[in-house]
Every structure is written in structure tokens, then in C-alpha cells.
Amino acid sequence: MKGMQKTKKTDVIVLGVGGMGSSACYHLAKKGLNVLGLEQFSIPHDKGSSHGETRMIRKAYFEHPNYVPLLRRAYQLWDELEEETGQKLFNRCGMILYADESSEVYKGTLRSSEEHQLPLEKMSAAEAMKKWPAYKPFEHHSVLFEPAAGFLYSEKIISAYVSLARENGAVIRENQEVVDFFPAGEGVAVQTKAEIFYADKLVITAGAWTISVLKELNIPFQLLRKNLSWHTAGKEHSAENGTPAAFFDLGENMFYMFPSVNVKGVKIGKHSGGEPINRPEEKQIKTPDRSFLQPIESFIDTHLPHASKKYNDFVSCIYTNTPDQNFLIDRHPKHTHIVFASGFSGHGFKFASVIGEILADLTTEEESELLTDFLRLRRFNG
Ligand SMILES: Cc1cc2nc3c(=O)[nH]c(=O)nc-3n(C[C@H](O)[C@H](O)[C@H](O)COP(=O)(O)OP(=O)(O)OC[C@H]3O[C@@H](n4cnc5c(N)ncnc54)[C@H](O)[C@@H]3O)c2cc1C
């Protein structure tokens with residue numbers, strides 16, 4: 001530790017200020033704690049999992065009905081965030097699911113809707129095409145429309161949370177890579193390349209970097225490189241005209257797309273598949289290869305008659321998958337004053353508002369009533 005600058009102890013350090021960390025900083029600062037957020041890059045940035053402008057949000061959750069109570073709280077908190085900032089951060093355009101009735105996505109969506117009385121509109125492929133000509137399903141597709149769904153402006157949200165956290169007294173430092181942390185007395189010491197910081201509590205929200213930051217937990221996270229591309233599209237795709245987001249379950253492949261919010265056009269991603277990578281740094285690719293473009297082009301050819309196959313923007317991004325693709329949120333098994341949240345498995349952003357609240361509760365209380373066993377560490381190690 002020779003030559004290291006020591007700083008005054010704070011109540012809580014948040015390691016990683018992306019989607020989840022920015023929300024945690026906000027909720028902790030709002031509770032009146034002295035918060036220090038440490039982010040290795042600028043805020044927001046395009047090297048992790050929260051960039052690319054937008055993220056989908058829906059409540060009739062095909063992944064598992066257990067997520068619905070969390071989503072109800074997430075929705076309340078998104079409304080509050082919009083009210084507090086005066087910014088439009090959530091476009092409530094709805095989402096259309098096109099799938100066969102035998103698909104797990106279709107059945108799971110109906111199951112969540114029935115268990116939690118969530119409104120869904122069922123219609124035929126022909127009816128849906130008449131209503132939303134941007135999307136051309138197969139004739140045999142069944143269609144579910146969820147009016148409460150839509151999309152969030154993810155990067156604007158991170159900036160909004162950071163601004164509000166700062167207004168509530170948080171200190172958030174960019175370009176500060178944490179290289180180590182260790183117990184120190186009753187609290188924790190957190191080391192960057194140049195400084196060492198002390199706090200009573202530590203919240204780890206390191207996204208894909210959790211694989212190294214919390215190596216000792218031995219969670220077999222799988223990192224997947226995922227790509228997003230934007231394509232020029234007609235007015236049929238315009239968010240301004242109220243076009244909903246869409247998800248196509250085509251069996252082997254699943255695609256999702258967002259209505260156009262700017263000149264870049266419709267944003268398309270492939271939920272299935274992805275390239276395994278060992279470290280987050282491997283995700284940086286600036287131009288897509290044919291193995292990504294070919295399925296997107298063929299999808300557009302068949303299902304998006306008003307969009308161009310030629311892409312005009314592209315980003316790559318990371319899914320941090322757990323073995324069961326459910327999130328991982330808990331207290332550190334050896335150090336109870338450290339809590340963490342990771343493993344969002346490609347579907348976490350819509351929950352960022354409530355995850356920040358859960359992490360703040362775990363920091364200040366024994367428990368969070370919103371955190372149930374299916375998201376905790378013990379499911380992996382008994
Ligand atoms: C292509 C794509 C599409 C997606 N679509 C959706 C969707 O439609 N809906 C949805 O709900 N979810 C979606 N997701 C998932 C969602 O975006 C992620 O689950 C969520 O953004 C993860 O947030 P995070 O805070 O865990 O990670 P990040 O936002 O990546 O934040 C982690 C932060 O920790 C920082 N950090 C790490 N290590 C250190 C260190 N040592 N020192 C300092 N800082 C550090 C990183 O720099 C980073 O800023 C998608 C993901 C991708 C990749």
C-alpha cells in the first residue's frame with residue numbers, strides 16, 4: 001500500500017456505475033447515506049451491457065411469473081424517476097409477440113399474465129398486420145399485444161440516476177478502476193490504481209466484470225457477445241406514430257426490435273445465440289461479420305417489409321448469463337457488509353430501478369422483502 005493515497009471513510013462504496021450501480025447510488029444517497037461510486041470508464045459508456053440507446057420492458061414475463069412482483073415495483077419506480085427528472089425515459093408503446101402457440105415464450109407470457117392478471121390482447125396474424133404493417137408475421141403465428149410494455153432510454157437513465165445521486169450528496173468518480181477490495185476492521189477497503197478508499201459497506205455492480213471482481217464465488221457466468229444494428233425504415237416503424245416494440249419467436253431464432261426513435265431507424269437484435277467470450281474486453285468489435293448480418297438480413301427480408309437490410313449503425317454488447325439465466329443478487333457469503341448484483345442474463349435493465357432499491361435495502365437493513373430465493377446465491381451452492 002506504499003505510496004497510496006488514503007481517503008476519509010464513507011458509508012458505502014458502489015463498485016461499477018452502469019445500469020444497476022447508477023440506480024444503487026441514487027437509492028443509497030436518497031436514504032441519506034454518504035455514497036462513493038467508482039466507475040472504471042466514463043458514465044455512460046459503450047463497453048459493458050447498458051448502451052445502445054434503448055431496452056425493452058414488459059410485465060407479462062415469459063421467463064418466470066416470479067419476476068412480476070419485482071416488475072410491479074420497477075414500473076412504480078420508473079414513473080417516479082420520470083416525475084423527479086421531468087424527462088421522458090420510458091416510451092409506453094406496448095410490445096407485440098409473434099410466435100407459435102406451442103412456443104415457450106408464448107406459453108410463458110400467457111402464464112404470467114394469467115397468474116398476475118396482466119392485460120394482454122390476443123389476435124390473429126392477419127389482424128395484427130392490418131394494425132401494425134411494420135411487422136409481417138407468418139400466417140400461422142399467434143399474436144399477443146401487451147399494452148403496458150414499451151422501452152426505456154437506458155443511457156439517459158444512467159445519466160439521470162447519476163445526476164440525482166449527486167444532487168443527493170453522492171460522490172461519483174469516473175475513470176477509476178477498482179483493482180482490489182478487502183475487509184478492513186468492521187468495513188471494507190477498496191483500492192484503485194492510485195488510491196485506497198474505506199467504507200462501512202460495499203455494493204458490487206460490476207456487470208460482466210463480476211467474473212473477475214467476484215472470482216472467489218465460483219459462479220460459472222457465461223459471457224456472450226451480442227450485437228445490435230439499426231436500419232433505415234419507413235414511417236410504419238416510427239415511435240412517434242405509436243408503433244410498438246416487437247419480439248418474434250421463430251423457433252430456433254428469436255429477434256426483437258424497437259420502433260425508430262431517430263434517423264438511425266429500427267433497432268434489431270437477436271436474443272438467441274451469441275458468441276461466447278472469456279473477458280469483457282473481448283466484446284469490442286466495431287464492424288459486424290457475415291454470421292451476424294446474414295440472419296438479420298434474412299429476418300428483415302421475411303418480416304420487416306418497410307425496413308432496409310443495409311445497416312447504418314452497429315454496436316456489440318455483453319450478456320452475463322448465469323446457469324439458469326435468473327439474476328444473482330445477494331450478500332457476500334463471507335463478508336456480510338458486501339452485497340452484489342450481477343448475472344442479468346440479457347434481461348436485466350428493465351429491473352434496474354428496483355435492483356438499486358433492493359441493494360440499498362440490503363445495505364441498510366437485514367433483508368429486502370423484494371428479494372426471493374430464486375435470485376439468491378444459495379441456489380447454486382446449496
Ligand atoms: C444487446 C443487449 C440487449 C439487451 N436488451 C435488453 C432489453 O431489451 N431489456 C432488458 O431489460 N435488458 C436487456 N439487456 C440486458 C441489460 O441491458 C443488462 O442486464 C443490464 O444493462 C446490466 O447492467 P449492469 O449494471 O449489470 O452492467 P453494466 O451496465 O455493464 O455496468 C457494470 C459497470 O461496472 C463497471 N465496472 C466493472 N468492473 C469495474 C471495476 N473493477 N472498477 C470500476 N468499475 C467497474 C463497468 O465499467 C460498468 O460500467 C440487454 C443486453 C444486451 C447486451
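Residues numbered from 1 in each chain as written. Predicted model: local features only at pLDDT ≥ 70, side-chain atom pairs only at ≥ 80, totals over all residues. Heavy atoms only, no water.

Enquirer: Talk me through the sheet that holds strand β5 (residues 90-91); I want residue IDs and the actual numbers.
Expert: Spatial ordering of the open sheet is given by β4-β9-β5, a layout of 3 strands whose pairing is antiparallel. On the outer flanks of this sheet lie β4 (54-57) and β5, each paired with one strand and no other. Note: β4 against strand β9 (residues 150-153), 4 bridges, orientation antiparallel. If you follow M56 over to β9, its bridge partner there is F151. Across the face of the sheet, helix α5 (residues 154-167) comes into contact with β4 and β9 while running at roughly 50° to β9. (Pairing = 2+ DSSP bridges. Helix = DSSP H or I, 4+ residues; strand = E, 2+ residues; numbered from the N terminus. Contact = heavy atoms within 4.5 Å. Axes fitted to C-alpha atoms, helices over the stretch in contact; angles between N-to-C directions.)

Enquirer: Could you give an account of the domain arrangement of the protein, naming the residues involved and the relevant values?
Expert: Each assigned domain of the protein is listed here: domain 1 (5-49 + 155-220 + 324-381) and domain 2 (95-147 + 222-321). Measuring from the centre of the C-alpha atoms in domain 1 to the corresponding centre in domain 2 gives 30 Å. Tallying the contact residues gives 15 residues for domain 1 and 14 residues for domain 2. Here domain 1 meets domain 2 over a buried area of about 1,100 Å², counting both sides, of which 53% is carbon and sulfur. Seen at the junction of domain 1 and domain 2, the total is 0 salt bridges. Inspection of the region where domain 1 meets domain 2 yields 6 residue pairs in polar contact (both at pLDDT 80 or more). For the side of domain 1 that touches domain 2, the residue count by class is 5 nonpolar, 8 polar and 2 charged. (Domains from an automatic or database assignment. Buried area = accessible area lost by both parts, 1.4 Å probe. Salt bridge = Lys/Arg side-chain N within 4 Å of Asp/Glu carboxyl O. Polar contact = N/O pair within 3.5 Å; in protein donor to acceptor, adjacent residues only side chain to side chain. Nonpolar A, V, L, I, M, F, W, Y, C, P; charged D, E, K, R; others polar.)

Enquirer: Requested: an account of empty space enclosed by the protein, with residues and values cited.
Expert: To find leftover empty space, one rolls a probe the size of a water molecule over the atoms. Considering all chains together, one arrives at 2 cavities of 30 Å³ or more under this definition. Taken as a whole, the largest cavity encloses approximately 80 Å³ of empty space. Around the largest cavity sit R58, A60, F62, M95, I96, L97, V105, T109, L120, L144, E146 and F247, which together line it. Broken down by secondary-structure element, the contributors of at least two residues to the lining of the largest cavity are β6 (95-99), α3 (104-115) and β8 (142-146). Broken down by element, the lining of the largest cavity gets its largest block of residues, 3 residues, from β6. Split by residue class, the lining of the largest cavity holds 9 nonpolar, 1 polar and 2 charged. Estimated volume of the second largest cavity: approximately 30 Å³. Taken together, E53, T54, W230, F258, P259, V261, G265 and K267 make up the lining of the second largest cavity. Grouping the amino acids of the lining of the second largest cavity by side-chain chemistry returns 4 nonpolar, 2 polar and 2 charged. (1 Å grid on protein atoms, 1.4 Å probe; cavity = no way out; pocket = protein on both sides within 12 Å on 5 of 7 lines; lining within 4 Å. Points joined across faces, edges and corners; volume = space filled by probe spheres on them.)

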